[in-house]
Amino acid sequence: MAKIIALMNQKGGVGKTTSTINLAACLAVAEKRTLVIDLDPQGNGSVSLGLDSSQHTACNIYHAMIGNADIREAIYETELPNLHICPSDNNLSGAEIELVSEFAREAKLKNAFVSIQDDYDYILIDCPPSLGLLTVNALNAANSFLVPMQTEYLAMEGLAQLVNTVKLIKNNLNPALEMEGILLTMFDGRASLHKQVSAEIRRHFEDKVFETVIPRNVKLAECPSFGKPIILYDIESKGSEAYLALAKEVILKERAAQVDQDQIPAVPNASQIDNSVTQQLQ
Ligand SMILES: Nc1ncnc2c1ncn2[C@@H]1O[C@H](COP(=O)(O)OP(=O)(O)OP(=O)(O)O)[C@@H](O)[C@H]1O
Ligand SMILES: [Mg+2]
């Protein structure tokens, strides 16, 4: 069953799309079957993976969530064999309003996933820069959320609101939702402000912050215009190195969680409990 990770932060321009696309591409080269869901009406993720909006105006994430389209028809191949994308376009901007009167409007994405969750190892959702109904759908459908954060002044501003939204989702819709981690992005090691802010974020969130830090790297800013993830655009760049390290961290974290699960002793069934109680009484 796919692990579903929502990349979210209501702040704009913090590296959500860059991280979704490039983490997904690195997971795909690690032979993980990976799907990107572009849940942002800006459609940046779709363009960054080489899709032209004319290719998918008839069937994309909008049709899978709002219409009756099967999500499988809204999934497209990319240059990487293990990487697929469910794209979006401007139509999705009306979705929040269209969904308002719909039954179970927060579960549209979750319901759309039912038919594909065994087809992938990872599903990464690129959220829009808001905490509206689209992001709520993403958090309701996800197993975990990842917060890209720029190491700039005011990076943590707005975080209380983000945490509040997550709490609301956990309490009302998706109790199993976990924090995947905070990802420091666009880091410039020469800037003392960046070092101060990243130290402050690590002090605050401790081991919830990924060890991998994404550096500011011009190749990462260039590759979307070629419709390629960084590992196909420049494998030797610092950006490639960082997202490959992040993919490794994500995979190892999931493996460690799996081992923890396996070590939980099996719960005895009712008849075994009855037997052992009876034995003790004898
Ligand atoms: N590590 C990086 N180094 C250099 N440029 C970067 C890096 N990460 C992202 N960028 C650039 O910064 C801009 C914002 O990044 P991105 O689109 O990933 O942010 P976002 O959070 O998805 O934005 P939005 O909130 O608008 O969806 C883009 O032009 C992107 O190419
Ligand atoms: Mg984006």
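Since the structure is predicted, the reported quantities are computational estimates derived from the model, not experimental observations. (Residues numbered from 1 in each chain as written. Chains lettered and ligands numbered in written order. Predicted model: local features only at pLDDT ≥ 70, side-chain atom pairs only at ≥ 80, totals over all residues.)

### Describing the overall build of the chain
Counting its secondary structure elements, the chain contains 13 helices and eight strands. Rg of the C-alpha trace for the chain: 20 Å, near the compact-globule value of 19 Å for 282 residues, within the 12% margin. If one aligns the C-alpha atoms of the chain with their principal axes, the spans along those axes are about 75 × 50 × 35 Å. Considering the chain as a whole, with its 282 residues, one finds that 42% of them fall into the buried category. (Helix = DSSP H or I, 4+ residues; strand = E, 2+ residues; numbered from the N terminus. Rg over C-alpha atoms; globule rule 2.2 N^0.38 Å. Buried ≥ 20, exposed ≤ 12 C-beta atoms within 10 Å, placed from the backbone.)

### A closer look at the site of ligand 1
Taken together, 19 residues surround ligand 1, and among them Gly12, Lys16, Thr17, Thr18 and Pro129 come closest. Counting only elements with at least two residues in the shell around ligand 1, the list comes to α1 (16-29), β7 (178-187) and α10 (218-222). Looking at which element gives the most residues to the shell around ligand 1, the answer is α1, with three residues. Taken together, the residues of the shell around ligand 1 sort by class into seven nonpolar, nine polar and three charged. (Near = placed C-beta within 6 Å. Nonpolar A, V, L, I, M, F, W, Y, C, P; charged D, E, K, R; others polar.)

### What to know about the sheet that holds strand β1 (residues 3-7)
Pairing is mixed across the open sheet formed by eight strands, whose spatial order is β3-β4-β2-β5-β1-β6-β7-β8. If you trace the sheet from one side to the other, it starts and ends with β3 (76-77) and β8 (209-215), each paired once. Bridging between β1 and strand β6 (residues 144-150) involves three bridges; their strand directions are parallel. Counterpart to Ala6 in the pairing with β6 is Phe145. Against the sheet, helix α9 (residues 192-205) contacts β6, β7 and β8, and its axis sits at roughly 170 degrees relative to β7. (Pairing = 2+ DSSP bridges. Contact = placed C-beta atoms within 7 Å. Axes fitted to C-alpha atoms, helices over the stretch in contact; angles between N-to-C directions.)

### Observations concerning the pairing of β6
The buried fraction of β6 is high, at six of seven residues. Examined bridge by bridge, β6 and β7 share seven bridges and lie parallel to one another. Paired with Phe145 across the bridge in β7 is Met179. Considered for its hand, the β-α-β crossover made up of β6, helix α8 (residues 159-172) and β7 is right-handed. (Right-handed = clockwise from strand over helix to strand, strands pointing away.)

### Some remarks on unusual backbone geometry
Positive phi is not limited to glycine here, since Ala104 has a value of about 50 degrees. By the element assignment, Ala104 lies in the loop between α5 (95-99) and α6 (108-113). Accessibility expressed as a C-beta count within 10 Å gives 10 for Ala104, which makes it exposed.

By themselves these figures say nothing about function.
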